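Letter by letter, the chains look like this.
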Amino acid sequence: MAYKRNIDRLPIIPAGAKEHNVACHYCIVGCGYKAYTWPLKTQGSTDSNWIGADLSQQQGAETEAWYAPSMYNVVKQNGKDVHLVIKPDVNCVVNSGLGSIRGARMAENRKSDVTGTQQQRLTDPMVWRYGTWQPTSWDDALDLVARVTARVIDKDNEDDLFVSMFDHGGSAGGYENTWGTGKLYFESMKVRHCRIHNRPAYNSEVHSSRDMGVDELNYNYADYEVTDTIFLVGTNPMECQTNLFLNHMAKGMQNGAKVVISDPRRTVTVDASEQYAGAENVLHLAIKPGSDVALHNTLFTYIADQGWVDADFIAKSTFQGDVAVPADSAHPASLGSFEAARVACKMSLADGAAATGLTEAQIIQAAEWIAKPKEDGSRRKCVTGYEKGIIWGNDNYRAIGSLLNIALATGNVGREGGGCCRLGGHQEGYYRPSDAHVGRPAPYIDDLLIAGRGKVHHIWANDHYKTTLNASQFKRVYNRRSQMVKDAMDAAAGRSREELVDAIVSAVNAGGIFSVCVDIIHSQIGQAAHVILPAAESGEMNLTSMNGERRLRLTEKYMDPPGSARPDCLIAAGIAQNLERVLREEGRNDYADQFKGYDWKTEEDAFMDGYHQGNPEVTYDRLRAMGNDGVLEPVVGYADGKLIGTNRLYEDGVFTRHGREDGKALFCMGEWRGWQAAGKAQQQANHRFFINNGRANMNWQNWFLDQGNEFVMDRFPVPFIQINPEDMAELGIKAGDMVEVYNDMGATQALAYPEPTAKRNETFMVFGAPNGAQGNIVNAGVNELILPNYKATWANIRKISDATPASAAVSYKSWEVEL
């Protein structure tokens, strides 16, 4: 659809164009791409080009010698305009040349002064002055941040500083940036009041898996290709990890793997699996929302009762006895032996069927496909993948623990064709000093902010307004508190810096909050900020991260960041340097000394200061030489010019994630207890529709950039809600009508999208949309460790208006298509 990009022809990449390694930064799969750049007024020809092909001839269907308009742009490199092409790498083992609808648009989502793309990118720091945001210098902005921050913190007491920060790789993270922010807030300071980009506390999404000794990313993607059964729980990989599904899972199905999918709704993953494996080899367990623990415990019980467990693995590699870790405030269920878990989790087929809405026959079939030995007596290999459906669903700790029980009992961890892993959202790139001082359970930051706590708030690549729960109340309170400071700053216009800081501090002491937002665009929460700092992203800086199989790669810098934007790690260093200076001016030298050690000039300096110190074999040069295949972490050596990695965790049967010296995996003793989070059962009783939520392939993780992209916005001018057509008819709603979704927490809006496969009274919305935030209607319910239950929400629906002209042009075909 080149006409939508105002491109009628593309230049040919010349021989000798610069080639850069790129791992797509949009999702955890981390597909390999190649970025090519070359001077603006030159190009290749049909007989002399980057690929060495005769382009005057028709190319084959799967040729590498092509690229789409979405893969092309003109960007700045060393201050000069250059052509840019970012195209899939056919030689990368992750994707084998496949490109997703997100990754294959990386080029067009770069800022260009020539083609006009991404003009909303932040280019210079901004400070609230004279009733609006005024551009300013880094020195001015960082000085104000440091002076206000220094006034509300002291040595060994930083509790009035609240921090929201990413904990991932990809676009906003990577080992460089997580180290920069981590060193600042967890080493130079001991900030307790912090939260992660998509949840209201600083915690793990997989506490139980780690407590049981199992890292949540323990397999190799190739395990999907050689397994007997693929078990998918609360995840939709065809939509959300597309090339993992197409390049690895589909191959497993074509090799004979059966597929079990546990999900309340029929997804494109169910449809695509039926097409690859045959419908007779796919079992969709359309469970009642939130009944995952009941299903897992029933499967665990049945498998154990049939004797389909790996007795040797259990004896050698798992805890023997009774209880190893008793339940307490940090552990929502006891952990211990297989036999102890078998007793605690015991659930009959009849009880499991009643709780889940499935038939006993369905549960038995699932158990057989997962664990029943083959006719020759050999054990079945089963690889399990799970994601936000249970991570952000009912009773997180027990849901994940009960699922891992099945994998451990059947010996499917640390085994070829096995594994029990989260499928993930972002790539990973976490490397920070210890966060033990935060505590467990961690503080519920959003509740504290609503209650008036916190005086200064540093926000890194977060937009709580779109990605938090109880969002309606949070936004109202945050806007009011930040406006108090804006009013004080307006009143202090024309006064000295010291008087301005005094005015800000007086406002925060009266209940206001001083907000500093680090981002690549002016986000929704950024509208409430007082200082805005522009960040660089992947490709505008060198950035290291690992994907969902722990594949570590270096994405090389191929263009300049816009304006004076900086990598997050260097912004963190700038804050530290200014805090040190301000504290010394105030005579607080002991405290100032804690902010030494940030004399980084480049992101590589931050990498060497952080990740390299713990992994001395790994350097940029060595990663660059490994190309887009990279190396699987942990890196254990370097020989013959190559980094040596770890193909699969726990192949030796030793489990260490929990830190126990015995190296034995633990089972989770988490019985089924219905709705765990407060208010869920009552909300369900009082509202008609279950409002499920998740991701849409076309725009998740990059909708904030695509708001100016006609290609995307023509497809979804506003976020949709999928509704059963019979429900729509009862409500008097037509395709494309704007509807309001409302309950006791608040309201939001969406585009009515009829979906025949949707169950009656069960709908689906997009999470994290720039408008139509689903979080507006999610209550504040969390688990004991402050993991949000975004998934379990109920509301009513009513029509707001007929379809707008933009909505009327949308195609409302079913999601299910023939591959």
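Reading the values: rules and limits
- Per chain, the residues get numbers from 1 upward, laid out in the order the sequence is written.
- Two thresholds apply to this predicted model, a pLDDT of at least 70 for residue-level local features and 80 or more for giving and counting side-chain atom pairs, whereas whole-chain, interface and lining totals are computed over all residues.
- For side-chain calculations, the full set of non-hydrogen atoms in the structure is used, while hydrogens and water are omitted.
- Each helix is a run of H or I in the DSSP string that is no shorter than four residues. Each strand is a run of E no shorter than two, and both are numbered from the N terminus.
- It is over C-alpha atoms that the radius of gyration is taken, and the globule rule equals 2.2 Å times the number of residues to the power 0.38.
- Relative accessibility under 20% of the residue-type maximum defines a buried residue, over 50% an exposed one, and the middle range a partly exposed one, all with a 1.4 Å probe and only protein chains included.
- We call two residues contacting when some pair of their heavy atoms lies within 4.5 Å.
- The Shrake-Rupley method, run with a 1.4 Å probe, gives the accessible areas here. Residue values count only the displayed protein chains as cover.
- Residues counted as positive are Lys and Arg, residues counted as negative are Asp and Glu, and His and the chain ends are not counted.
- Where a charge sits is defined by one atom per residue type, namely NZ (Lys), CZ (Arg), CG (Asp) or CD (Glu).
- UniProt positions are given in the numbering used here, feature names are shortened, and annotations may be inferred rather than shown by experiment.
- A cavity here means a set of points on a 1 Å grid, drawn over the protein atoms and nothing else, where a 1.4 Å probe fits but cannot get out; a pocket is an open set with protein on both sides within 12 Å along at least five of seven lines, and a residue lines either one if it has an atom within 4 Å of a point.
- Grid points are joined across faces, edges and corners, and a volume is the space filled by probe spheres set on the points.
- Gly falls in the polar group here, along with every residue not listed as nonpolar (Ala, Val, Leu, Ile, Met, Phe, Trp, Tyr, Cys, Pro) or charged (Asp, Glu, Lys, Arg).
- Salt bridge, as used here, is a side-chain nitrogen of Lys or Arg placed within 4 Å of a carboxyl oxygen of Asp or Glu.
- Paired strands, as defined in this entry, are two strands with at least two bridges between them according to DSSP.

The name given to the chain in an unreviewed UniProt entry is Arsenate reductase (Azurin) large subunit, with Rhodobacter calidifons as the source organism.

Participant: What's the story with the overall build of the chain in this structure? I'm lost.
Facilitator: In terms of helices and strands, the chain carries 27 helices and 30 strands. Computed over its C-alpha atoms, the radius of gyration of the chain comes to 26 Å, within 12% of the 28 Å expected for a compact globule of 819 residues. Expressed as lengths along the three principal axes of its C-alpha atoms, the size of the chain is roughly 80 × 70 × 65 Å. Counting all 819 residues of the chain, 65% fall into the buried class. The long-range fraction of contacts in the chain, counting pairs at least 24 apart against all pairs at least 6 apart in sequence, stands at 77%. Taken as a whole, the chain presents about 28,000 Å² of accessible surface, with 48% of it coming from carbon and sulfur. Put simply, the chain has 82 plus and 101 minus side-chain charges, and the middle of one group is 2 Å from the middle of the other.

Participant: What am I meant to see in the UniProt feature "domain: Molybdopterin dinucleotide-binding" (unreviewed entry) in the chain here?
Facilitator: Here, the residues flagged by UniProt with the feature "domain: Molybdopterin dinucleotide-binding" (unreviewed entry) are residues 690–782. Taken as a whole, residues 690–782 contains 18% helix and 29% strand, while its terminal C-alpha atoms sit 18 Å from one another.

Participant: Which parts of the structure should I look at to understand empty space enclosed by the protein?
Facilitator: Any empty space left between atoms is shown by rolling a water-sized probe over those atoms. Counted according to the given criterion, the structure contains four cavities of 30 Å³ or more. The set of elements that each furnish at least two residues to the lining of the largest cavity consists of β25 (689–694) and β29 (762–766). When residues in the lining of the largest cavity are grouped by element, the largest group, three residues, is from β29. Taken together, the residues of the lining of the largest cavity sort by class into four nonpolar, four polar and five charged.

Participant: Could you clarify how one ought to interpret the pattern of salt bridges in this entry?
Facilitator: Should their charged atoms come close, side chains of opposite charge can pair. Within the structure shown, the criterion is met by 63 salt bridges. As a salt-bridge pair, Arg 588 and Asp 154 come within 3.5 Å of each other at their nearest N and O atoms. Of this pair, Arg 588 sits in the loop between α18 (568–585) and α19 (589–593) while Asp 154 sits in the loop between α1 (138–152) and β7 (161–165); the two residues are 434 residues apart in sequence, bridging distant segments of the chain. Glu 387 is paired through a salt bridge with Arg 422; the nearest N and O atoms lie 2.9 Å apart. Of this pair, Glu 387 sits in the loop between β14 (382–386) and α13 (388–391) while Arg 422 sits in strand β15 (residues 420–422), and the two are 35 residues apart along the sequence. Of the two residues examined, Glu 387 and Arg 422, each falls in the buried class. Three or more residues joined by partner-sharing salt bridges are found here, namely Arg 129, Asp 140, Asp 143, Arg 147, Arg 497, Arg 581 and Glu 585.

Participant: Please explain the pairing of strand β4 (residues 80–88) as it appears in this structure.
Facilitator: Successive side chains on a regular strand alternate, one facing one side of the sheet and the next facing the other. Within β4, seven of the nine residues are buried, which leaves the element mostly enclosed by the surrounding structure. Alignment of strand β2 (residues 32–39) against β4, held across seven bridges, turns out to be antiparallel. Within β4, the position partnered with Thr 37 by the bridge is Leu 84. Taken together, the six bridges between strand β3 (residues 72–77) and β4 define a ladder with antiparallel strand orientation. The residue bridging Gln 77 from the neighbouring strand is Lys 80, located in β4. The antiparallel hairpin formed by β3 and β4 contains two residues in its connecting segment, where Asn 78 sits at a positive phi of about 55°.

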